[in-house]
Amino acid sequence: QVQLVESGGGLVQAGGSLRLSCAASGSISSIAVMGWYRQAPGKQRELVADISNSGVTNYAASVKGRFTISRDNAKNTVALQMNSLKAEDTAVYYCNARSFTRYRYDYWGQGTQVTVSS
């Protein structure tokens, strides 16, 4: 149905920046919201940011003002620009696509590791 592929993770020093990208393919028209989640070791998965088809964005309080989510409809991609990175941002970041066409269903990318060193 929908396939998601993330890229852009890596190792960065605190205060640095990374840009994550997620490319969607398949039944793109079924996607209502796309976003990024992250999961750090020993912690539950949490929403980082998402963006609706109309462009409305939502951010976790911990990243607001530092991260920016954007979407390119023509390319079916969503990106997460991460600035002023902190060690606490270290996690596996997952691209998410949410559909409500038949029932709520979440599609997930494979995840990309972001490591922020102090």
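Look up a bit, the structure's there.
Parameters at a glance
Residues numbered from 1 in each chain as written. Predicted model: local features only at pLDDT ≥ 70, side-chain atom pairs only at ≥ 80, totals over all residues. Heavy atoms only, no water. Core = buried A, V, L, I, M, F, W, Y, C linked by side-chain atoms within 4.5 Å. Buried < 20%, exposed > 50% of the residue type's maximum accessible area, 1.4 Å probe, protein only. Contact = heavy atoms within 4.5 Å. Phe/Tyr/Trp six-rings, centres within 6.5 Å; stacked < 30°, edge-to-face > 60°. Helix = DSSP H or I, 4+ residues; strand = E, 2+ residues; numbered from the N terminus. Lys NZ or Arg CZ within 6 Å of the ring centre and 35° of its normal. Pairing = 2+ DSSP bridges. Salt bridge = Lys/Arg side-chain N within 4 Å of Asp/Glu carboxyl O.

Bringing the nonpolar core into the picture now. One finds Leu4, Met34, Trp36, Leu80, Met82 and Tyr93 to be the most contacted residues of the largest nonpolar core, which totals 30 residues. Leave out the neighbours within four places in its chain, and methionine 34 touches Leu4, Cys22, Ala24, Asp50, Ile51, Ile69, Val78, Cys95, Asn96 and Ala97.

A full pass over the atoms with the stated rule returns 3 aromatic pairs. Here the aromatic rings of tyrosine 37 and tryptophan 108 are separated by 5.1 Å at their centres, their planes lie at 70 degrees, and the arrangement is edge-to-face. Here the residue tyrosine 37 occupies a position in strand β4 (residues 31-39), and tryptophan 108 occupies one in strand β10 (residues 105-108), the gap between them amounting to 71 residues. With a relative accessible area of 28%, tryptophan 108 lands in the partly exposed category. Between tyrosine 105 and tyrosine 107 the ring centres are 4.7 Å apart and the planes differ by 65 degrees, which places this aromatic pair in the edge-to-face class. Residue tyrosine 105 is classed as partly exposed on the basis of its relative accessible area of 38%. The class for tyrosine 107 is buried, based on a relative accessible area of 10%. Grouping aromatic residues by their ring pairs yields a cluster made of Tyr103, Tyr105 and Tyr107. Lying across the ring of tyrosine 37, arginine 45 places its NZ or CZ 5.6 Å from the centre.

Note: strand β7 (residues 67-72) against strand β8 (residues 77-82), 6 bridges, orientation antiparallel. Across the sheet, the residue bridging to arginine 71 is valine 78, located in β8.

What follows deals with the pairing of strand β1 (residues 2-7). Only one face of β1 is buried: it carries Val2, Leu4 and Glu6, and the other face, with Gln3, Val5 and Ser7, is open. Bridge analysis of β1 against strand β3 (residues 18-26) gives 6 bridges, and the strand direction is antiparallel. Residue pairing for β3: valine 2 is matched across the bridge by glycine 26.

Overall, the coordinates contain 4 salt bridges when judged by the stated rule. For the salt bridge of arginine 38 with aspartate 89, the shortest nitrogen-to-oxygen distance reads 2.9 Å. With arginine 38 in strand β4 and aspartate 89 in the loop between β8 and β9 (91-99), the pair connects residues that are 51 residues apart, well separated along the chain. Each member of the pair, arginine 38 together with aspartate 89, is buried. Notably, a salt bridge pairs aspartate 89 with arginine 66, separated by 2.8 Å at the nearest N-O pair.

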